Amino acid sequence: MAMDLYCVMGNPVEHSKSPWIHARFAELTGQTLQYGKRLVPLDGFAPTVRAFIAEGGRGCNITVPFKFEAVTLASQVSERATLAQAANVLSFSTGAIHADNTDGVGLVNDIQRNAGLDLNGRQLLLIGAGGASAGVLGPLLLARPASITVANRTLSKASALVARHAELALLQKTELVAQDLQGLAGSFDVVINATASSLSGAGVPVPASTLKPGALAYDMMYGPAAQGFMTWAGEHGAQARDGLGMLVEQAAEAFLIWRGVLPPSQQVLAELRAVTHQRSR
Ligand code: ATR
């Protein structure tokens, strides 16, 4: 019998850790599947997905820069992917493409389960208002923090993101506000960096006064891209955490959607940290 086929699609995709993560999930849960990676031409997302379906593909993860296009291609879109206007998981059944977004729940699970910080009642700062922020704001609201401040260099983008989530914030009784980076005041229990500033070498875009003593400072990136933010956080008395756990937890939720089984994500995260640590020495 042919193995169930999955893959990660993106551009670039060469350094994706998803094949390794899903292979470990499959081993540890006794599932038989094959998970590869596909480099998608920048103008060729839809044909690549259709070709994969024709080969018998059951589902795929979507990464940069196709998460937005993934939503428009789908015939069914989950509530959280609709709110994010982006999808990182596609599932294929006869004639249908289902889109979902597990990035936000991955972040929340990593903070609450792995870092052990309950978000309920906390004051959160989310820096950035691009695709990365859009993917996580809904699930962060579902964790019922006291407040979320979305701060962005371009205020209009933060305002639009906040407006789209205003109804959910009201339901959750969370105060949700948009800010520009210049006018940012106050301090927070959790500061989440969802900007691309580290990639351009621009440094941390908020002052250290945003960190309450012992705050959790979380960069959604990992590896060298997160290092500047992590060092800054450590130097100012915060607990620094990179996005490796979010990567594993979003994958675990995708695995659950596809296979109906929740894999042991904490074990796989510990293994991935050990492997990454060895390689970087
Ligand atoms: P992604 O999908 O990774 O979120 P994006 O949608 O291009 O990428 O969004 C990038 C985010 O990083 C934006 O919030 C951007 O701010 P603007 O909306 O003002 O462009 C933010 N960003 C990028 N470089 C930055 C910098 N040097 N300082 C502060 N914010 C920066």
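Remember, it's a predicted structure, so these values are computed and weren't measured experimentally.

About the cut-offs
Residues numbered from 1 in each chain as written. Predicted model: local features only at pLDDT ≥ 70, side-chain atom pairs only at ≥ 80, totals over all residues. Heavy atoms only, no water. Near = heavy atom within 4 Å. Polar contact = N/O pair within 3.5 Å; in protein donor to acceptor, adjacent residues only side chain to side chain. Areas by Shrake-Rupley, 256 points an atom, 1.4 Å probe, with all protein chains shown as cover. Nonpolar A, V, L, I, M, F, W, Y, C, P; charged D, E, K, R; others polar. Core = buried A, V, L, I, M, F, W, Y, C linked by side-chain atoms within 4.5 Å. Buried < 20%, exposed > 50% of the residue type's maximum accessible area, 1.4 Å probe, protein only. Helix = DSSP H or I, 4+ residues; strand = E, 2+ residues; numbered from the N terminus. Contact = heavy atoms within 4.5 Å. Expected span 1.5 Å × (residues − 1). Salt bridge = Lys/Arg side-chain N within 4 Å of Asp/Glu carboxyl O. Phe/Tyr/Trp six-rings, centres within 6.5 Å; stacked < 30°, edge-to-face > 60°. Pairing = 2+ DSSP bridges. Axes fitted to C-alpha atoms, helices over the stretch in contact; angles between N-to-C directions.

### So, the site of the ligand
Every one of the 16 residues lining the ligand counts as a neighbour, but Ala132, Asn152, Arg153, Thr154 and Lys157 are closest to it. Interatomic distance of 3.0 Å between a backbone N/O atom of Gly131 and an oxygen atom of the ligand. If the ligand stood free it would expose 640 Å²; the protein chains cover 73% of that surface. Along the lines of polarity and charge, the residues of the shell around the ligand split into 6 nonpolar, 8 polar and 2 charged.

### Description of the nonpolar core
Ranked by internal contacts, the top residues of the largest apolar core, which has 29 residues, are Leu107, Leu119, Leu126, Leu140, Ile148, Val150 and Ile192. Listing elements by their share of this core, those giving two or more residues are α5 (103-114), β7 (123-127), α6 (131-142), β8 (147-152), α7 (155-164), α8 (166-172), β10 (188-193) and β11 (211-219). Beyond its immediate sequence surroundings of up to four residues, Val150 is in contact with Leu126, Gly128, Ala129, Leu137, Ala158, Leu161, Val162, Leu176, Val177, Ala178 and Gln179.

### Quick word on helix α10 (residues 244-259)
In this model, α10 (16 residues) spans 22 Å end to end at C-alpha, consistent with the 22 Å of a helix rising 1.5 Å per residue. Backbone geometry just downstream of α10 places Gly260 in the positive-phi region, at approximately 75°.

### Observations regarding the pattern of salt bridges
A full pass over the atoms with the stated rule returns 10 salt bridges. Put simply, Lys212 and Asp189 hold a salt bridge, and the shortest N to O gap is 3.2 Å. Separated by 23 residues along the polypeptide, Lys212 in strand β11 and Asp189 in strand β10 bring together distant segments of the chain. Classification of Asp189 by relative accessible area gives buried; the value is 16%. Sharing partners across several salt bridges, the network here consists of Asp4, Arg58 and Arg259.

### Remarks on the packing of aromatic side chains
Following the criterion strictly, the structure yields 6 aromatic pairs and no others. When the ring of Tyr6 is compared with that of Trp258, the centres are 4.7 Å apart and the planes differ by 35°; the resulting orientation is tilted. Of this pair, Tyr6 sits in strand β1 (residues 4-10) while Trp258 sits in helix α10, and the two are 252 residues apart along the sequence. With relative accessibility at 13%, the residue Trp258 sits in the buried group. Seen in terms of ring centroids, Phe45 and Phe66 are 5.1 Å apart; in terms of plane orientation they differ by 10°. Their pairing is stacked. In this pair, Phe45 is assigned in helix α2 (residues 45-54) and Phe66 in the loop between β3 (57-62) and α3 (67-73), connecting sequence segments 21 residues apart. Like Phe66, Phe45 is buried. What links up through ring pairs into an aromatic cluster is the set Tyr6, Tyr35 and Trp258.

### Some points on the sheet that holds strand β4 (residues 76-77)
Think of a sheet as strands paired side by side through backbone hydrogen bonds, with each pair either parallel or antiparallel. Ordered by their spatial adjacency, 6 strands build an open sheet running β2-β1-β3-β5-β6-β4, and the pairing between neighbours is mixed. In the strand order of this sheet, the two ends are held by β2 (33-39) and β4, each with one partner. Across 7 bridges, the pairing between β1 and β2 is parallel. Across the sheet, the residue bridging to Val8 is Lys37, located in β2. Seen against the sheet, helix α1 (residues 18-29) touches β1, β2 and β3 and runs at an angle of roughly 175° to β2. Strands in contact with α10 are β1, β2, β3, β5 (89-93) and β6 (96-100); relative to β5, the strand with the most contacts, it is inclined by about 10°.

### Focus on unusual backbone geometry
Between Asn11 and the following residue, Pro12, the backbone shows a cis peptide bond with an omega angle of 10°. Turning to its location among the elements, Pro12 is positioned in the loop between β1 and α1. The step from Val64 to Pro65 runs through a cis peptide bond, and the omega angle for that step is 0°. Tracing the sequence through the fold places Pro65 in the loop between β3 and α3. At Gln85, a residue that is not glycine, the phi angle is positive and equals roughly 55°. By the element assignment, Gln85 lies in the loop between α4 (79-84) and β5.

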